[in-house]
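Remarks on the overall topology
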Amino acid sequence: MLSPLMLLLLKKADVSTTVAGLFAATTWLGIFIMTPFASVVSRKIGRRQTMWLTSTLPLVAALGLFSTSNLWLWFALVLVTGLADGLRWVLAEAFIAEFSPAGQTGRYIGAFATMIGLTFVIGPALLAWVGADNAQAPWLVIALLAVGLAWTTLIPPLPPDHDSEGAGVGAKGLMSAVRAQPVIMLAGFVGGFFELGLASILPLYGLTLGLGTSAAALLVSVSGLGGTLAALPAGMLADRFASPAQGRRTLMAACAAFILLSTCVLPWSTHQHWLIWPMVAIWGAAGGALYTLAMIDIGARDKGMALVNATAVLVLSYTLGGLVASSASGALLEVSFALGFPALLMAMAAIGLVALVRNRHTSTA
């Protein structure tokens with residue numbers, strides 16, 4: 001709710017679209033900066049205490065954002081929220097994995113992913129209901145952040161880190177996680193490419209196809225809905241295999257196959273616009289399921305600081321996939337809409353599929 005409210009306030013102040021876009025990107029910059037240091041901060045002050053910090057900083061930042069009109073201070077404060085978001089993203093998913101009962105990791109992580117997806121619907125809906133111009137909107141944001149902080153204090157004690165001394169942190173810990181499961185990290189990259197990255201350029205794609213502005217914007221909602229609805233079923237299904245580890249890899253390969261098949265209809269969508277709707281839904285659903293299944297795989301295998309490191313790498317892979325998709329696809333839509341754009345998507349889906357099929361029997365967790 002905070003991000004769209006701040007963007008609307010910026011536009012109301014006649015700030016240029018370029019500056020508003022940079023403001024929105026600053027949150028992701030903070031996430032990208034902080035994610036590699038999640039294990040460092042967690043070891044320094046403790047995992048529960050870090051989670052309390054990640055709920056305190058956004059509340060303090062929001063109070064500052066609503067108390068000043070200085071644009072440079074706004075950028076600094078939104079960077080602080082991004083730094084907190086990066087820590088919370090890694091630790092929250094690691095917490096869910098660590099607290100999940102044996103044999104139900106998929107169900108719990110899938111439910112968590114679904115709840116996260118719903119916040120992207122509920123937050124803007126609350127803002128639309130209250131009204132961005134309503135003086136009560138900032139207070140509602142602050143109230144919700146305060147409730148979040150209070151709720152975070154109820155996190156139960158974690159089991160001791162069995163690897164608190166032996167596990168590396170920072171760059172060393174991240175490289176260990178990459179070497180341990182490179183294919184899982186590739187799955188996160190592909191998931192971020194098709195769920196996060198393509199969602200950001202779908203309005204441009206829709207306009208290039210000749211759709212109206214409302215229909216082009218609705219493509220983002222279709223993609224997001226696909227990702228939200230797929231997370232919990234994917235997690236529950238992953239738990240039902242006789243060999244959960246092999247089942248997760250099989251499901252990830254199936255997701256990559258669905259993505260590849262859906263990209264094959266891109267050339268026909270230029271003239272048959274109805275094809276774009278199920279195609280975008282599959283991108284969001286399969287991309288989101290890839291990330292969820294990758295997190296389930298990590299949660300079933302690692303604990304303690306190793307789990308934090310692996311989660312951090314997965315988050316970095318996912319966001320990097322989103323950055324690559326949004327930058328490369330935006331350029332290709334302009335210079336090679338009919339050939340380059342479909343070729344990029346097919347190549348990325350094919351790489352993910354081949355890697356997952358070749359390694360579907362390698363997980364031991």
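Scroll up to find the structure.
A brief structural summary. (Residues numbered from 1 in each chain as written. Predicted model: local features only at pLDDT ≥ 70, side-chain atom pairs only at ≥ 80, totals over all residues. Heavy atoms only, no water.)

Points about the overall build of the chain
To keep it simple, the criterion reads: Helical segments are the DSSP runs of H or I of at least four residues, strand segments are the runs of E of at least two, and each set is numbered from the N terminus. Radius of gyration: over C-alpha atoms. The globule rule applied is 2.2 Å multiplied by the number of residues raised to the 0.38 power. Residue exposure (1.4 Å probe, protein chains only): buried if accessible area is under 20% of the type maximum, exposed if over 50%, otherwise partly exposed. By definition in these notes, contact holds between two residues if any of their heavy atoms fall within 4.5 Å. Per-residue accessibility takes into account occlusion by the displayed protein chains alone, with areas from the Shrake-Rupley method and a 1.4 Å probe.
Counting its regular elements, the chain contains 15 helices and zero strands. Taken over C-alpha atoms, the radius of gyration comes to 20 Å for the chain, in line with the 21 Å a tight globule of 365 residues would show. Sorting the 365 residues of the chain into buried and exposed places 47% on the buried side. Within the chain, counting contacts between residues at least 6 apart in sequence, those at least 24 apart form 82% of the total. Here the chain has roughly 16700 Å² of accessible surface; of this, 72% comes from carbon and sulfur atoms.

What to know about the side chain of Ser100
Short version of the rule: Polar contact criterion, stated in full: a pair of N or O atoms within 3.5 Å, where within protein one must be able to donate a hydrogen and the other to accept it, and residues adjacent in sequence count only if both atoms are side-chain atoms.
Within the fold, Ser100 resides in the loop between helix 5 (71–99) and helix 6 (105–130). Engagement of the side chain of Ser100 in a polar contact is seen with the backbone oxygen of Ile96, the distance being 2.5 Å. Every residue in contact with Ser100, bar those within four places of it in the chain, is listed here: Thr105 and Tyr108.

As for the packing of aromatic side chains
Quick reminder of the rule: The criterion for an aromatic pair is that two Phe, Tyr or Trp rings (for Trp, the six-membered ring) have centres within 6.5 Å, with stacked assigned to planes under 30 degrees apart, edge-to-face to planes over 60 apart and tilted to the rest.
Applying the stated criterion to the full structure yields eight aromatic pairs. Taking the centre distance of 4.6 Å and the plane angle of 55° together, the rings of Tyr291 and Tyr318 count as tilted. You can see Tyr291 sitting in helix 13 (residues 276–301) and its partner Tyr318 sitting in helix 14 (residues 304–335), a full 27 residues away along the chain. Tyr318 carries the same exposure label as Tyr291, and that label is buried. Taken together through their ring pairs, the aromatic side chains of Phe23, Trp72, Trp74 and Phe75 make up a single cluster.

Description of the packing of helix 13 against helix 14
Definition in use: Orientation is described by lines fitted to C-alpha atoms, with helices fitted over the stretch in contact, and by angles between N-to-C directions that extend from 0 to 180 degrees. By the definition adopted for this analysis, an angle is roughly parallel if under 35 degrees, roughly antiparallel if over 145, roughly perpendicular if from 65 to 115, and oblique otherwise. For any helix crossing, the convention is left-handed if the near helix is rotated counterclockwise from the far helix by under a right angle, and right-handed if that rotation is clockwise. We call Asp, Glu, Lys and Arg charged. Ala, Val, Leu, Ile, Met, Phe, Trp, Tyr, Cys and Pro are nonpolar, and the rest, Gly among them, are polar.
Between helix 13 and helix 14, the shortest axis-to-axis distance is 10 Å and the interhelical angle comes to 165°. When the interaxial angle is binned, helix 13 and helix 14 end up roughly antiparallel. Crossing handedness for the pair helix 13 and helix 14: right-handed. When helix 13 is examined against helix 14, the residues Tyr291, Ala294, Met295, Ile298 and Gly299 are found in contact with a partner set consisting of Leu307, Ala310, Thr311, Leu314, Val315 and Tyr318. Of the residues in the contact of helix 13 with helix 14, the class split is nine nonpolar, two polar and no charged.

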